[in-house]
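Geometric and topological summary
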Amino acid sequence: MIVSFENRLSRFLGTTAIFIAIILVLFPFLWIFLESIKPPSLGGRPDIWRFEPSWENWHEIVFNSNVPLNILNSFFIALITVVISLICGAPAAYAFSRFRGFQGARYSILAAEMMPPAILILPLFLLLYKLELIDSRVGVITAHLTFVVPVVAWFLIGFFDEVPKDLEDQAMIDGYTRFQAFYKVILPAVRPGLAAAGIFGFVLSWNDLFYSLLLTGAESRTLPVAIAGFWTFRGIELGKMAVAILIAVIPVLILSYSIQKHLIRGIGGSGVKY
Amino acid sequence: MGQVDFKNLRKSFGSTNIIDGLNLEIHNSEFLVLLGPSGCGKSTTLRLLAGLESVSSGTISIDGCDVTELEPRDRDIAMVFQNYALYPTMTVEQNIGFGLKAKKMSPKLIKEKVNEVADLLGLTHLLNRKPNALSGGQQQRVAIGRAIVRKPKVFLFDEPLSNLDANLRLEMRAEIMKLHRELGATTIFVTHDQEEAMAMADRIVIMDKGLIEQVGTPTEIYFQPKTRMVAGFIGNPSMNFMKGEISKNSELKLPIGNIKVNTILNLGQHIDVGIRPEKIKLADPKRKPNENIVRVMVTNIELLGPRAIVKMEHESGQVLTSVVDHDEIGKYELGTNISISLASNALHIFPKIKD
Amino acid sequence: MHIKYKLILPLVFLLSGIMLYPFIFSLWLSLQDYRLTRINDVQFVGFENFGFIATDQSFLNAMGNTISFVASAVIIELIFGLSLALLIQKLLIFRGFVRSILLAPMFITPIAVGLMFRFLLNSEIGIIPFYLLRFGVSLDWFGPELALFSIVLIDVWQWTPFMLLMFLAGLEALPKTPFEAARVDGAGRWLTFSSITLPMLRPVIVVALIIRALDAFKVFEYVFAITRGGPGNSTETIMYYIYQTGFRFFRMGEAAAASILLIIFILVFVILIVYLSRPKVIK
Ligand SMILES: Nc1ncnc2c1ncn2[C@@H]1O[C@H](COP(=O)(O)OP(=O)(O)O)[C@@H](O)[C@H]1O
Ligand SMILES: [Mg+2]
């Protein structure tokens, strides 16, 4: 048995519980993968497990659909959102971490993070409408910035807090200005944090449905909106939807695992001391 | 009661043996100190006895009863940890009473016993505080209170004083000894501070690299060290050592010259010869027998209030350290040559073990 | 200007533009009769929108659904997350591997999760009802009785990992020696858990609870993907209500008023949680 409990029964129960949890988590992934390689004629038949794998759904999605464009949109939007977030968020996070008088201000970042999208979507929609930016990537980026920037800034505060103050003091004694010390010494020191925050922000933007649904059209449609569309417009196209879901999910899982160990510091910020 | 017996105790983490065949009998009501350099396995020994680590082989018994496989709670021991290990979310009262609560004692009785212990340790006014609102010394008292309230057979202390400042350490030292006299329970106390060990112990166990080097009273340990390690570890400043060899006529051939002693060692045997700094005296002009006079140069003098530490060097390059009383210090002058005497009966001879 | 202000300037500008300004716009909007269909005929109506919303049965229903949803989802996630964290902490082998697998759901886009479960639980083509039927269990997962509960289960599937992540880190960060002291003190597993682990973990639990609850208030994707608020309006949540009011019925003023009520509600909720979960002061 692989769990360290003193008595056998609880060891058995513990191992079993973990096993069940793993199956519950993995089952939908397995199922969606099988659906994606079922021949379209067998789509939506829960009783059929044995079939010749067919790549028809994948072929259809990759060559005969808008999904590649949607991927491109999602990728581009997430990338630009993250870059802007880092450019604006990193210096501010550093300032929040280092200077007196910002103790309260750092919680305003948290407040911004908690802002429900419901309250922002209405004015954003109207503004973008007036600026004729509905169905544009710029519009979606603007909307995504509202939740990515605060998360990235909050994420980074925790990392800056862990860089010893001596480091920039040393740099300034060596003749750098404070600002030079920041971008030549401190920024490189938090590179893993920048990467983690960037990846986390990317995933958030990539996964968003709410804003994208309301602000995109045929040109700028992102992958989650497209996935939702498999249901609305063309009836049930389970196989193709499965492919689109896998395309949306796989890169994100890979990215997320690369930052797993930084996540806690990022989410908890340094406001939470365990 | 509270007699502890280690038989052939071994403990390894992975492939490294941390405790390597330990045999020790600890008497009832004894105050036993485990002393040794950091990393020698003192804590591990204590944790094995507490049941916090499982043994690799060997047995541990308390009062003749084999406890090797028992859970800590079934061993009737209490332990005070180096960082006190107080429960941070509980008050002092709850901390002290927790062991009794675990035994399902009635709240009323628990309160009574906790009050009694708090009284004994002067914690009564702190009972409702949380540990982080206490000073280091107070936290220490709570940790001790938590141990004694359960009236266990054996108390275990793992370097409990090392986080306190010097004055408080002396005070707590005295207090722990007083408690031991009053409660009379067997106490095993781990420390790496030899002064603490000397002051507190009935018997000291010197450990090194997972092995016992010597067991004895503080006096025995100081005056009759059995091994080179013990001799070098005990005493401050530490013992002077000279490499040597037995030459003919049972003379010691040393860098500073030949010295005649009574020894049963064989010709050609390599040895270390030690002499405590306080045994190095200025040579008396009226030479006594049994004294070995050596010419050395004074190279450094450190004044330490009532005493001074004098470093000197023999022409062979051998360095010796001596401790000198304050009123003698005028007789030593930096850079001058002096004659010192090394009494033969103050020399400790340790054969070199080939390895 | 001090460098610290220069450093935060870009962020302040950006957030003023994309958050503060829209927020104020929203406040203004909530006081207007603003319809997308009559965009040139906007009238100031004072607190009329609030009055309308506060008495609107659909709004109250959506609020009620959301509260039931948040409360049940977050509590189930808390219990599962904590139990799993305690179990995983006791794992002797494969610990990192198991953790990686169990954390996976929280990273994937909620609309995908919603759609997957929409089909997994579909009463005609779903695998789960299909096999449950073989055991004689016939459930309509998205029928009037179960729909909200099904959506709770989906949320639990996706977000228990978040609790797990927080609690694993929290447990990892606890000092080890109090647990050893408790073993020596003779405490059993339950006493150790209830009087040492749980109290020491409380700050983490509170933070996890707040973050998760605030996030759950925003639930939209599952409803959008599966039930569109139905059957009837049994799964209409507050976000879905605002989406409908604003973008299907084009009544922006009322939607804005609803979103402001939501914010006030969330604020009260957070203050309440923080207040209720503060350590008790012992006199
Ligand atoms: N859990 C463990 N795993 C591996 N090595 C350990 C463990 N605990 C202690 N050790 C090793 O055992 C040796 C003795 O440790 P310890 O008993 O704590 O020494 P000390 O005499 O300083 O109390 C040390 O070298 C330490 O690194
Ligand atoms: Mg130790």
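Further up the page is the structure itself.
Below, the structure is looked at part by part.

Points about the overall build of chain C
Of regular secondary structure, chain C possesses 12 helices and two strands. Reading the secondary structure of chain C in the N-to-C direction produces α-β-β-α-α-α-α-α-α-α-α-α-α-α. Principal-axis analysis of the C-alpha atoms gives chain C an extent of 75 × 70 × 40 Å. Per-residue burial over chain C gives 57% buried out of 283 residues. Just so you have it, chain C exposes about 12,200 Å², and 69% of that area is on carbon and sulfur atoms. Placing the 21 positive and 16 negative side-chain charges of chain C at their respective mean positions leaves the two points 12 Å apart.

A closer look at the interface of chain A and chain C
Frequently, the measure chosen for interface size is the accessible area removed from exposure when the parts meet. Counting from both sides, the interface comprises 89 residues of chain A and, opposite them, 83 residues of chain C. Interface of chain A and chain C: buried area, both sides summed, is about 8,000 Å²; carbon and sulfur atoms make up 84% of it. Here chain A is connected to chain C by zero salt bridges. Our count for the chain A to chain C interface comes out at eight residue pairs in polar contact (both at pLDDT 80 or more). In terms of residue count, helix 1 (residues 8–36) of chain A provides more of the side of chain A that touches chain C than any other element does, 14 residues in total. When grouped by side-chain class, the residues that make up the side of chain A that touches chain C number 71 nonpolar, 12 polar and six charged.

Comments concerning the packing of helix 8 (residues 178–189) of chain A against helix 9 (residues 191–207) of chain A
How two helices sit against one another is set out by the angle between their axes and by the gap between those axes. Residues and elements named next belong to chain A. One can describe the packing of helix 8 onto helix 9 by two numbers: an axis separation of 4 Å at closest approach and a directional angle of 65 degrees. It follows from the interaxial angle that helix 8 and helix 9 lie roughly perpendicular. Residues Leu187, Pro188 and Ala189 of helix 8 lie in contact with helix 9, whose contacting residues are Arg191, Pro192 and Leu194. Classifying every residue of the contact of helix 8 with helix 9 gives five nonpolar, no polar and one charged.

Some words on a nonpolar patch on the surface
Residue and element names in this part refer to chain A. Taken together, Phe75, Leu79, Val83 and Ile87 make up a surface patch of nonpolar side chains, about 360 Å² in accessible area. Of note, Phe75 is situated in helix 3 (residues 67–98). With a relative accessible area of 41%, Phe75 lands in the partly exposed category.

Rules used in this analysis
Residues numbered from 1 in each chain as written. Chains lettered and ligands numbered in written order. Predicted model: local features only at pLDDT ≥ 70, side-chain atom pairs only at ≥ 80, totals over all residues. Heavy atoms only, no water. Helix = DSSP H or I, 4+ residues; strand = E, 2+ residues; numbered from the N terminus. Buried < 20%, exposed > 50% of the residue type's maximum accessible area, 1.4 Å probe, protein only. Areas by Shrake-Rupley, 256 points an atom, 1.4 Å probe, with all protein chains shown as cover. Lys, Arg positive; Asp, Glu negative; His and termini not counted. Charge placed at Lys NZ, Arg CZ, Asp CG, Glu CD. Contact = heavy atoms within 4.5 Å. Buried area = accessible area lost by both parts, 1.4 Å probe. Salt bridge = Lys/Arg side-chain N within 4 Å of Asp/Glu carboxyl O. Polar contact = N/O pair within 3.5 Å; in protein donor to acceptor, adjacent residues only side chain to side chain. Nonpolar A, V, L, I, M, F, W, Y, C, P; charged D, E, K, R; others polar. Axes fitted to C-alpha atoms, helices over the stretch in contact; angles between N-to-C directions. Parallel < 35°, antiparallel > 145°, perpendicular 65-115°, else oblique. Patch = residues over 30% accessible without salt bridge, like charges linked within 9 Å, V, L, I, M, F, W, Y side chains within 5 Å.

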